[in-house]
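# Understanding the architecture of this molecule
Listed below, chain by chain, are the residues.
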Amino acid sequence: MTLDLGMDDAFTGGDGPPPPQEESEDYKYPDVGVWVTEWLAPATALKLSDGGRGRTWCAKWFEHPPIVVRLNELWHAWEKAVRSGDDHALHGWYVYDYDATMRALTDGEYGPMHACSPTKHRDIPCLPVEPVPPGFFTTNTTTLITVISAPPRSAPTTEE
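Residues numbered from 1 in each chain as written. Predicted model: local features only at pLDDT ≥ 70, side-chain atom pairs only at ≥ 80, totals over all residues. Heavy atoms only, no water.

Here the structure, examined in full by the defined rule, presents twelve aromatic pairs. Relative to W75, the ring of Y27 has its centre 5.1 Å away and its plane inclined at 75 degrees; by these criteria the two rings are edge-to-face. On the criterion of sequence distance, the pair formed by Y27 in the loop between α1 (9–12) and α2 (32–43) and W75 in helix α3 (residues 65–83) is long-range, its members being 48 residues apart. Taking relative accessible area as the criterion, Y27 reaches 16% and is therefore assigned buried. (Phe/Tyr/Trp six-rings, centres within 6.5 Å; stacked < 30°, edge-to-face > 60°. Helix = DSSP H or I, 4+ residues; strand = E, 2+ residues; numbered from the N terminus. Buried < 20%, exposed > 50% of the residue type's maximum accessible area, 1.4 Å probe, protein only.)

What follows is about α3. The end-to-end C-alpha distance of α3, which contains 19 residues, comes to 27 Å, matching closely the 27 Å that a straight helix rising 1.5 Å per residue would cover. By the burial criterion, the buried members of α3 are I67, L71, L74, W75, W78, E79 and A81. Along the axis of α3, the buried positions cluster into a sector of 160 degrees, meaning they face one direction only. With respect to the buried face of α3, the exposed residues turned more than 90 degrees away are P65, V69, E73 and K80. Summarising the contacts, the buried residues of α3 are in contact with α2 and α4 (89–105). Just beyond α3, the residue with positive phi is G85, at close to 80 degrees. (Expected span 1.5 Å × (residues − 1). Arc of directions from axis to C-beta. Contact = heavy atoms within 4.5 Å.)

Turning to α4, a few remarks are in order. The terminal C-alpha atoms of α4, which comprises 17 residues, lie 22 Å apart, in line with the 24 Å expected from a rise of 1.5 Å per residue. Taken as a whole, α4 carries its principal kink of about 35 degrees at Y98. Those residues of α4 lying buried are A89, G92, W93, Y98, T101, M102 and L105. On its buried side, α4 packs onto α2 and α3. (Bend = angle between axes of the 7 residues up to and from the residue.)

What follows concerns the side chain of T56. Relative to the helices and strands, T56 is located in the loop between α2 and α3. Polar side-chain contacts of T56 include one of 3.1 Å to the backbone oxygen of C116. (Polar contact = N/O pair within 3.5 Å; in protein donor to acceptor, adjacent residues only side chain to side chain.)

Turning next to the environment of Y27. In the structure, Y27 is positioned 53 residues away from K80 in sequence and 8.6 Å away in space, judged by C-alpha atoms. If we ignore the near neighbours within four places in the chain, the residues touching Y27 are W75, H76, E79 and R83. In this structure the side chain of Y27 is engaged in a polar contact, spanning 2.9 Å, whose partner is the side chain of H76.

Moving on, we come to the side chain of H64. When you line up the elements, H64 lands in the loop between α2 and α3. A polar atom in the side chain of H64 sits 3.2 Å from the side chain of H121. Excluding anything up to four places from it in sequence, H64 contacts C58, P112, M113, C116, H121, R122 and I124.

Written out as structure tokens, the structure reads:
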């Protein structure tokens, strides 16, 4: 299936994008842990603080579920970019995936490793949540989405 974005060849610079390659599990790295250890860490140089301000990192990143989830997705996107055959795919990965993800993950004030430092790990609690009532989303989702996405009503005005 080809996605038509409505751009002509003059804008895209050719006959359109190459056909997508089949997804495969023929990754360069067997899992996110190996990728972080062997590729991401050596390829990343950041000024790190001891937590609280600036950028921080926890050497036990794998004990932070939000970090594992985000780095796993970053790794899959990297694998796809590397295998794509597109000369600009890795550049796009850096700009759109790596930069934004690493900014969020290493934010020493608000990020998911804010209480850690490169040498100290601290468990950080996840968001508190109440159990969702059974059937809540099947009966209320349409109403919630309609209310949330409805444009705000402006107050009536009087003309003088």
